[in-house]
Amino acid sequence: MGVSGRDDGDAARAEEDRPGDPEAERLGRRIEFLFAHVQPLGRRYTLQEVVDGIRDAARPGEPKLSVGRLWMLVKGRAANPTVGTLRALGDFFGVPQAYFIDDEVAERVAAQLSLIAAMRANDVRSVALRAAAVATMSAHGVDAVRSLVERSGLLEAQAGEDGSSTDLRPGGGSFV
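Predicted model, so just to flag it, every value in this text is computed and none were measured. Counting from 1, residues in each chain are numbered in the order their sequence is written. For this predicted model, a pLDDT threshold of at least 70 governs which residues receive local features, and a threshold of 80 or more governs which side-chain atom pairs are given and counted, while totals over whole chains, interfaces and linings are taken from all residues. The side-chain figures draw on all heavy atoms in the structure; neither hydrogens nor water molecules are used.

### Re the side chain of Arg30
Note on placement: Arg30 falls in helix 2 (residues 22–37). Here a residue-residue contact requires only that any non-hydrogen atoms of the pair lie within 4.5 Å. What Arg30 contacts, discounting residues up to four positions off in sequence, is Tyr99, Phe100, Ile101, Asp102, Asp103 and Ala106. Under the scheme used here, helices are H or I runs from DSSP no shorter than 4 residues and strands are E runs no shorter than 2 residues, and both carry numbers assigned from the N terminus.

### A few points about the pattern of salt bridges
A side-chain nitrogen of Lys or Arg and a carboxyl oxygen of Asp or Glu constitute a salt bridge if their distance falls within 4 Å. The full count for this structure, using the stated rule, is seven salt bridges. Arg43 serves as the salt-bridge partner of Glu49, at 2.6 Å between the closest nitrogen and oxygen. To sort residues, take the accessible area from a 1.4 Å probe on protein chains only and compare it with the maximum for the residue type: under 20% means buried, over 50% means exposed, and anything in between is partly exposed. A relative accessible area of 25% means that Glu49 is categorised as partly exposed. In this structure, the salt-bridge partner of Glu62 is Arg59, at a minimum N-O distance of 3.1 Å. Judged by its relative accessible area of 27%, Glu62 falls in the partly exposed class. By relative accessible area, Arg59 is classed as exposed at 56%.

### A look at the nonpolar core
Formed by 25 residues in total, the largest nonpolar core has its most connected members in Leu89 and Phe100. Those elements that provide at least two residues to this core are helix 2, helix 3 (47–57), helix 4 (67–74), helix 5 (83–93) and helix 6 (103–122). Every residue in contact with Phe100, bar those within four places of it in the chain, is listed here: Leu27, Arg30, Ile31, Leu34, Leu86, Leu89, Gly90 and Val95. For this analysis, a nonpolar core means a set of buried residues of the types Ala, Val, Leu, Ile, Met, Phe, Trp, Tyr and Cys, connected via side-chain atoms within 4.5 Å.

This is how it looks when you write it as structure tokens:
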């Protein structure tokens, strides 16, 4: 039994049944997207790794984050995080602080991270050389490049199956 005399399971179910804050849920989806797409270790970060990374990078007086608080943010159950918390998360994941609050910035960053994930999945190194240009592209431009990367991976797979050679470059020239 909890302090209130209710079973702790009842308290947890009541918390889940309560309607969520749309802003907190949007923030949670954006943080979850970062966990899914920023994977320099070749796998998802754990909550503890993120908390430890933020703690290790923090200067004296800067906010720290607990695993429980981060979990609540990811699940969309924590409203109104501090600016310091958003800054720390942005620094850890390598995204601007505006990603968490500005829909346009979030869309642009998500498109860039999706492109990087597609390039990693298809192992397209020649496109990776152009990654610096992606930062200045519109979301539509990033989608177009992602489509080309995905198409090249499919064509390479098909070429491997039938032994033929497929060159995506116009006139057989170089992309670079």
